[in-house]
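The primary structure of each chain is shown beneath.
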Amino acid sequence: CRYLAVQLSPAIPVFAAVLFLFAMATLLRTSFSDPGVIPRALPDEAAFIEMEIEATNGTVPQGQRPPPRIKNFQINNQIVKLKYCYTCKIFRPPRASHCSICDNCVERFDHHCPWVGNCVGKRNYRYFYLFILSLSLLTIYIFTFNIVYVALKSLKIGFLNTLKETPGTYPSTSLTVLTVLEVLICFFTLWSVVGLTGFHTFLVALNQTTNEDIKGSWTGKNRVQNPYSHGNIVKNCCEVLCGPLPPSVLDRRGILQQEESTAQEESCPRGPSAQEPTAAQGPDGQAEESSAQQKDGSLPHLSAVPAPSLSNAEMPEEKQLTSGELPVPSQDAGQAEH
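Not measured: the values here are computed from a predicted model. (Residues numbered from 1 in each chain as written. Predicted model: local features only at pLDDT ≥ 70, side-chain atom pairs only at ≥ 80, totals over all residues. Heavy atoms only, no water.)

## So, the pairing of strand 3 (residues 78-85)
Then, in step 1: Examined bridge by bridge, strand 2 (residues 70-75) and strand 3 share six bridges and lie antiparallel to one another. Considered in strand 3, the bridge of I70 is made with K83.
Then, in step 2: The turn joining strand 2 and strand 3, which pair antiparallel and follow one another in sequence, is formed by two residues; a positive phi near 50 degrees is taken by N76.
Then, in step 3: For strand 3 and strand 4 (residues 90-91), the ladder comprises two bridges, and the chain directions are antiparallel. Each residue of the ladder has a partner; that of Y84, found in strand 4, is F91.
Then, in step 4: Counted between consecutive antiparallel strands, the loop separating strand 3 from strand 4 contains four residues, among which K89 sits at a positive phi close to 60 degrees. (Pairing = 2+ DSSP bridges. Helix = DSSP H or I, 4+ residues; strand = E, 2+ residues; numbered from the N terminus.)

Structure representation (structure tokens):
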């Protein structure tokens, strides 16, 4: 606001612009980065895992439910279960979960955020946290200086006169009405944005995810302690927000082999054995040339009037010619002439 920049300090709008750009940058980084998607098993890998499961569980009698596909893994002297994903055909790593919206298994799955249009996982959680933190600071900043602006105007002409100003009577009249609206919007926005930031700050301090908190993985009836927590808030915050990020295991330029082989099978021509016969078979087992010649565009050599179709039992030994028919030499007659 020009009024605050002139009356107080020119750094006020500059700092607001910096906060806005930082919030937009972290939003885009969260939306367009890989959250930690785990690739699905290839057909050979899936078949090998199925063989291992069958060898471990043995044959299940008909009518009985097979045992759950779970592997036990020990972390910090505590047993953690690795669950099998029937969609990705893999045993998910610890803290990973399958997102029903993205249809992928995500490492250290936190939640799927519809506002950023992406899953929040191990590789983009810190950017998501910085986004909601900067958005909270920006909302508080705008809310605070909007109140300061209204207060300064009220000291000069009074609060009621500030609200009753009409366009044209004062150069900044329209800004006053907008400022009051911004105060109301920021007041109701603070509860959601700041509350969400406080909730994730609590999770970061405990080294816990939203998915684990909703399921009550470490606060349930069993009272199992979180094996991933270091017992220190500073260490947990450093691991979650400042720890090394694993590289992405997705090959964005790769081609799925299964789809490629299917496309090749559909595009390849059918072999001669799979083609349907184009010529009708005669009584002696030899193909008649009339239908083939008609397909090629040539006319038949002998007769333009088709002979009546007779079965083998009704065919006479010597067929007499009727009016309008031409003689059709047989194969034996042609061989005798030669």
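Here the narrative resumes, following the displayed structure.
## Quick notes on the side chain of Q208
Then, in step 1: For Q208, the location among the structural elements is in the loop between helix 6 (173-206) and helix 7 (210-215).
Then, in step 2: Ignoring sequence-local partners within four residues, the contact set of Q208 consists of R95, R108, L203, D213, W218 and N226. (Contact = heavy atoms within 4.5 Å.)

## Overview of the side chain of T210
Then, in step 1: Within the element layout of this structure, T210 appears in helix 7.
Then, in step 2: Those residues in contact with T210 that sit more than four places away from it in its chain are D110, H111, F199, H200 and L203.

## Comments concerning the packing of aromatic side chains
Then, in step 1: The tally for this structure, following the rule as stated, stands at seven aromatic pairs.
Then, in step 2: Between the aromatic rings of F15 and Y141, the centroid separation amounts to 5.2 Å while the plane-to-plane angle is 55 degrees, which identifies the pairing as tilted. With F15 in helix 2 (residues 11-31) and Y141 in helix 4 (residues 125-157), this pair connects stretches of sequence that are 126 residues apart.
Then, in step 3: Seen in terms of ring centroids, Y84 and Y86 are 5.1 Å apart; in terms of plane orientation they differ by 90 degrees. Their pairing is edge-to-face. (Phe/Tyr/Trp six-rings, centres within 6.5 Å; stacked < 30°, edge-to-face > 60°.)

## Structural notes on unusual backbone geometry
Then, in step 1: A positive phi angle, close to 60 degrees, is found at K89, a residue other than glycine.
Then, in step 2: Relative to the elements of secondary structure, K89 occurs in the loop between strand 3 and strand 4.
Then, in step 3: For K89, a relative accessible area of 32% puts it in the partly exposed group.
Then, in step 4: The phi dihedral of D103 is positive, around 60 degrees, even though this residue is not glycine.
Then, in step 5: Position of D103 relative to the elements: it lies in the loop between strand 5 (97-99) and strand 6 (104-106).
Then, in step 6: Taking relative accessible area as the criterion, D103 reaches 35% and is therefore assigned partly exposed. (Buried < 20%, exposed > 50% of the residue type's maximum accessible area, 1.4 Å probe, protein only.)

## Brief notes about the sheet that holds strand 5
Then, in step 1: Ordered in space as 1-6-5, the three strands form an open sheet in which the pairing is antiparallel. Two strands lie at the open edges of the sheet, namely strand 1 (37-38) and strand 5, each paired on one side alone.
Then, in step 2: Bridging between strand 1 and strand 6 involves two bridges; their strand directions are antiparallel. Note on strand 6: the bridge partner recorded for I38 is C105.

## Quick word on the nonpolar core
Then, in step 1: Core analysis: the largest hydrophobic core is formed by 12 residues, namely L27, C113, V116, V120, Y125, F128, Y129, F131, I132, L203, V204 and V240.
Then, in step 2: Of all the elements in the fold, those that place two or more residues in this core are helix 4 and helix 6. (Core = buried A, V, L, I, M, F, W, Y, C linked by side-chain atoms within 4.5 Å.)

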